[in-house]
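An overview of the molecular structure
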Amino acid sequence: MDMCAAEATASLLQVEETFSACLARIDALILKPLLQAEPSDPKGKENFKLFLLLNDLFQALWNLTEENYRILKQKCSTSESFCIQDIYTVWKGDLFLSLYIRYFVTFANYVVVHGFEHATKSKSEAWKDHKAVLKQFLTDFTSETSMSLALYTVLHKPIRDHIEQYILLLTKLHEVLKEGSEKTVVTSAIKEYVKLQSFISQVLDEACFTKSLWKSLGYKFTDMLCVPERRLLEDSKNLPISASTNRSDRILLFDDVLVLIQGNSFQSFDLKLVWVDENCREKSAPGMYGLRIITPEETFFLFAKDPQMKAVWQWKLNQAVRQALNGKRDFPLWGKTGEGTEPPSCRFFTYVFRLEGKFKSASYEGEWHWGKPHGKGTLKWRDGRNHVGDFKEGLEHGFGICLVPRQSEDRYDCYKCHWYEGKMRGYGICEYGNDMVYKGYFKDNVRQGFGILEKFSAEHPFKYTGQWENDKKNGYGVWEDKDRGERYIGTWLDDHKHGQGIVVTQSGVCYQRTFHADKMVGSGILLLEDDSVYEGNFTEDLTFVGKGKLSFANGFILEGTFTNKSGQGLQMHGTLNTSNEQLDDRITKAQLGLEEFPVEKRWKGIYDQFLEFIHSGCKEETEESFTGFHIQTSKELRKSQEYLFCQRGTEDVSWKIEDILEDLVQHQGLESLQSYLEKALKSSLHPLGKLLKALAIAFQATYSGIGANRHLLTMAQEEVKYYAKKIWEFYQGLLHLALEQKGQLPAKCMDEDTSDQKACNVVLPLILPCFYPELFMLYMLYHEREDDLYCQGIMDLSLFPDIKLLEFLDVQKHLWPLKDLTLTTNQRQSLIKDKCFLSATECLQKLITTVDPREKLVILQKTYEEIESTVSRVVDKDYKLPMDDLLPLLMYVVSRAKIQHLGAEIHLIRDLMEPTNRGGLYDFLLTALESCYEHIRRIRLHQRENCHVTHSS
């Protein structure tokens, strides 16, 4: 057995036995009498609850002492060897310390509220008969000693003395132990018990200091400020310091609040939301040293007469703030002067704003920085408004979600938007309580720039896509009235159709008019479903009135004055011109909107946002604010914010804005650039991909559904070309910025023609898939009549077997691939179909599998090569087809390929092909295909067939 451990255990056993007996006497003679009668007054009841808690902790201390005593006695009665683990106060030191701390904190709380004075006052007669009891515990007790002081001493001095005995015992043990782990454990335990001594001393000093304050203050202040747990840390009467002019007579620093008293009123500031700035920015009087105190709604200054006094106040304030933020006091309460870290400038807390301002009566829960909401937070107003999002220097800044209750309705408007310095600015989605949704840009809390407003309810559903200014529809925009089945494409002023506009209806009728405050004025152009065109005045229900000219599709023209009298129908007084009896394409294929809506003025709101993003230096935190229109749902909006502000995986790294700018510099060669742009335009995370998505939404809003009208083809076609031009310009802008940031000189600007050619060659083929469905539908409608005739010709030609068709098309007999006409049982060669030039036919059929005009031209070239290859095989030598031979063979292949809407395909290729291909091989082959199409369209098959049949017979 280790002798030093055994001796320590024996000594500790004796100490614990004595202490336990002392606690038993205190319990029986003092605590139990006090617990027998509960006070009836409210103040007494509150104090009695605190006394019950103190008694519970006293009993716990007593139980822990008894348990320690039993363990030690049991150990001593056995012959087992002793070790440090047997000394419970060392091995279970944390348990002892925790319980002693809780006891003395509760004891101090009872002192602060004058608990002992109230207890002895209510029992004064009883205590007079038991002065002898107190003498047992207090050696310096006299008849002059007050009962409250006696009680105060009895309930803390024996316990403090017992802790001193613990320290003495452990110190003796430490002296005799050899160096090693056991000595280290004992050293640590001694330090903790010494800290406990210091802690108890400081706790009791603070309690008495605070108790004295409550005595000196009037009842009004005491009732409002006195809380059992609150401690006075400093008083300007003890350590002089003054506040800003006429601000206060006295300054009190508590462990949870800073209080400024002036006359009969006071202000208190929660320390968790107090920041202390030693760099006082206010000019102070000579010989005064200031501190700036910052709180959520007020900033004021404290002035001391010497730097040492300022330093003490600053240190105490900072330590009090730090401990308040930690939610617990230091152990011990105060270290050596100058110790302790500064409180953090960034904090998380809840505060209710009181003063006038936009946040009055609002509760803010979230992050703070130097007295202002800063970071993530939630604002809640009493009227039901909520704002959850990012804050900067006291204002909403960054992404946020705001709920605004609607008056007299149990519904909310929900704004999911970007904010800038307290106002909505940038892209957002607003879900209104009246079943409308706005997706678009804001500025200064109103809709500004490009945006879509849609109403989904069954009553008067509509959709507006276009420009907004000062919260109203202004500029170019598209309105779809889903009840009437109409779409208006044109200009707006203050929420009214105003200026030039085109109206397209579900029935196919469309017209162009001038509008003034939603009313049609002046004459216009009305295109009817039977291909007639009316120029003149007409009503909203499309009735002709006044002077006008009606041009029929067959060339007839009716011109004069139209009237519509009730019950008499439409009447007309004028002339009918029948001299021009032929189909007039200028009438049937008239195009609208070209002069009135120059392509440069459409969708300016989209381009402006991306241009502003580039001019701002492409800062990542503003990316979604400027370029967020690719986001069309609340779910996508949340994902977008997660992408921007959360940790991202390696798969997304290349689309961070700094990486984008770096990659732009690395991909300037033509092939590399095309590959890069293809990936960028397909990505919803790249600025160019976001721009393309926004343009696609605008395009679909105009030309899909009701907007699929052949009279809008040229508008749509030039719009797509202009998109390519703008995307190329924005690419150039991003590249210019990237080069500038790397300190490189950007290349010289291209002239307009070169830039347009680059846009057509590089960008247009890449973006065309996004617009192809709507664009090709317009081409099909525009060429519908020609394609119908062509299809009829194809159907008639398909009746011919191969040899008959080759003969009918005047293909030279020595070019017929008769070897390909393999016979089956009971089959004649002259009856075989779809066997000749099969590879060329299958090749040409691939024309409809791609949307890229370049790829369509390549397919056409391969078709030509397949025809030439088949002919070379037939004649057993390389054979270059002259034009006279090529056209009949190509017509044969076209008739067998049976491509629907070939006229639309040809014209789309012609309109969108690269300018560099004009006049070359591709142009020649496209012209040949066009000739075949026209020939098939004009064939009078039945007449020719009859001629052939007669000749044969």
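Residues numbered from 1 in each chain as written. Predicted model: local features only at pLDDT ≥ 70, side-chain atom pairs only at ≥ 80, totals over all residues. Heavy atoms only, no water.

Remarks on the layout of surface pockets
- Taken as a whole, the largest pocket spans an internal volume of roughly 780 Å³.
- Lining the largest pocket are 31 residues, and of these Tyr420, Arg425, Thr622, Ser625 and Phe626 sit closest to its centre.
- Looking at the lining of the largest pocket, the element that brings in the most residues is helix H14 (residues 604–615), giving four residues.
- Per-class residue counts for the lining of the largest pocket are eight nonpolar, 13 polar and 10 charged. (1 Å grid on protein atoms, 1.4 Å probe; cavity = no way out; pocket = protein on both sides within 12 Å on 5 of 7 lines; lining within 4 Å. Points joined across faces, edges and corners; volume = space filled by probe spheres on them. Helix = DSSP H or I, 4+ residues; strand = E, 2+ residues; numbered from the N terminus. Nonpolar A, V, L, I, M, F, W, Y, C, P; charged D, E, K, R; others polar.)

Topic: unusual backbone geometry
- Despite not being glycine, Asn445 has its phi angle at roughly 75°, a positive value.
- When you line up the elements, Asn445 lands in the loop between strand E16 (436–443) and strand E17 (446–455).

Focus: the pairing of strand E3 (residues 250–254)
- Most of E3 sits inside the fold, with five of its five residues counted as buried.
- Taking every second residue as pointing to the same face, both faces of E3 are buried, with Arg250, Leu252 and Phe254 on one and Ile251 and Leu253 on the other.
- Pairing of strand E1 (residues 232–235) with E3 involves three bridges; the strand directions are antiparallel. Residue pairing in the sheet places Leu232 in a bridge with Phe254 of E3. (Buried < 20%, exposed > 50% of the residue type's maximum accessible area, 1.4 Å probe, protein only. Pairing = 2+ DSSP bridges.)

Details of the pairing of strand E4 (residues 257–262)
- For E4, the tally of buried residues reaches five of six residues, placing the bulk of the element in the interior.
- Alignment of E3 against E4, held across four bridges, turns out to be antiparallel. Across the sheet, residue Leu253 finds its bridge partner in E4, namely Leu258.
- Where E3 folds back onto E4 in an antiparallel hairpin, the turn is made up of two residues.
- Pairing geometry for E4 and strand E5 (residues 265–270), over six bridges, is antiparallel. By the bridge assignment, Gln262 is partnered in E5 with Ser265.
- Hairpin connection between E4 and E5: a loop of two residues separates the two successive antiparallel strands, and Gly263 in this loop has a positive phi of roughly 60°.

Focus: the side chain of Glu905
- Structurally, the position occupied by Glu905 is in helix H27 (residues 902–912).
- Residues in contact with Glu905, not counting those within four places in the same chain, are Tyr772, Phe776, Leu847, Ile848 and Lys856. (Contact = heavy atoms within 4.5 Å.)

Quick notes on the packing of aromatic side chains
- A full pass over the atoms with the stated rule returns 52 aromatic pairs.
- Centroid distance Phe269 to Phe300: 5.2 Å. Interplanar angle 40°. Geometry classified as tilted. Here Phe300 lies in strand E8 (residues 299–304) and Phe269 lies in strand E5, a separation of 31 residues in the sequence.
- The class of Phe269 is buried, set by a relative accessible area of 6%.
- Taking the centre distance of 5.4 Å and the plane angle of 90° together, the rings of Tyr488 and Trp492 count as edge-to-face.
- Overall, the relative accessible area of 2% leaves Tyr488 in the buried class.
- Ring pairs connect the aromatic residues Tyr415, Tyr432, Tyr438, Phe442, Phe462, Tyr464, Trp468, Trp479, Tyr488, Trp492 and Phe515, which therefore count as one cluster.
- Positioned above the aromatic ring of Tyr607, the side-chain terminus of Lys726 is 5.3 Å from the ring centre. (Phe/Tyr/Trp six-rings, centres within 6.5 Å; stacked < 30°, edge-to-face > 60°. Lys NZ or Arg CZ within 6 Å of the ring centre and 35° of its normal.)

Describing the sheet that holds strand E7 (residues 289–294)
- Taken in spatial order, the four strands make up an open sheet running E2-E8-E7-E6, and their pairing is antiparallel. Bordering the open sheet on either side are strand E2 (242–243) and strand E6 (275–277), each of which pairs with just one other strand.
- Relative to E7, E6 runs antiparallel, the two sharing three bridges. Bridge pairing in E7 places Asp277 opposite Arg292.
- Across the sheet, helix H12 (residues 307–326) lies against E6, E7 and E8, angled at about 20° from E7, the strand it touches most. (Axes fitted to C-alpha atoms, helices over the stretch in contact; angles between N-to-C directions.)

Structural notes on empty space enclosed by the protein
- Overall, the coordinates contain four cavities of 30 Å³ or more when judged by the stated rule.
- Residue lining of the largest cavity: Ala8, Leu12, Ile87, Thr89, Tyr166, Leu169, Leu170 and Leu173, and that is the complete set.
- Counting only elements with at least two residues in the lining of the largest cavity, the list comes to helix H1 (3–36) and helix H9 (157–176).
- When residues of the lining of the largest cavity are assigned to their parent elements, the largest contribution, four residues, is made by H9.

Here's the deal with the packing of helix H24 (residues 838–845) against helix H26 (residues 883–897)
- For the pair H24 and H26, interaxial distance at closest approach is 9 Å and the crossing angle is 60°. Taken together, the axes of H24 and H26 lie oblique to each other. With respect to the hand of their crossing, H24 and H26 are arranged in right-handed fashion. Contacts between H24 and H26 involve Ala840, Thr841, Leu844 and Gln845 from the first element and Val893, Val894, Arg896 and Ala897 from the second.
- Along the lines of polarity and charge, the residues of the contact of H24 with H26 split into five nonpolar, two polar and one charged. (Parallel < 35°, antiparallel > 145°, perpendicular 65-115°, else oblique. Left-handed = near helix turned anticlockwise from the far one by under 90°.)

Remarks on the nonpolar core
- Ranked by size, the top nonpolar core spans 80 residues in total, and within it Trp603, Ile606, Ile727, Ile767, Phe771 and Leu775 carry the most contacts.
- The dominant element in this core, judged by the number of residues it contributes, is helix H20 (residues 713–741), at 16 residues.
- Look past the residues within four positions of Leu775 in its chain and what remains in contact with it is Phe699, Leu713, Ala716, Gln717, Val720, Leu768 and Leu912. (Core = buried A, V, L, I, M, F, W, Y, C linked by side-chain atoms within 4.5 Å.)

Focus: the environment of Ala759
- By secondary structure assignment, the location of Ala759 is in helix H21 (residues 752–782).
- For Ala759, a relative accessible area of 2% gives the class buried.
- Distance in space between the C-alpha atoms of Ala759 and Tyr722 is 8.8 Å, their sequence separation being 37 residues.
- Not counting residues within four places of it along the chain, the set of residues in contact with Ala759 comprises Ala724, Lys725, Trp728 and Leu764.

Considerations on the pattern of salt bridges
- Going through the model one piece at a time under the given rule, you end up with 42 salt bridges.
- Here Glu905 and Lys856 are joined by a salt bridge, their closest N and O atoms 2.7 Å apart. Residue Glu905 is located in helix H27, and its partner Lys856 is located in helix H25 (residues 853–875); the two are separated by 49 residues in the primary sequence. This pair shows no difference in class: Glu905 is buried, exactly as Lys856 is. (Salt bridge = Lys/Arg side-chain N within 4 Å of Asp/Glu carboxyl O.)

Some words on the sheet that holds E5
- The strand order across the open sheet built from four strands is E1-E3-E4-E5, with neighbouring strands paired in antiparallel fashion. Two strands lie at the open edges of the sheet, namely E1 and E5, each paired on one side alone. Averaged over neighbouring strand pairs, the angle between their axes works out to 20° when direction is ignored.
- This element, helix H10 (residues 181–216), spans E1 and E3 of the sheet and lies at about 60° to E1.
- Where H12 meets the sheet, its contacts fall on E1, E3 and E4, and the angle it forms with E3 comes to roughly 40°.

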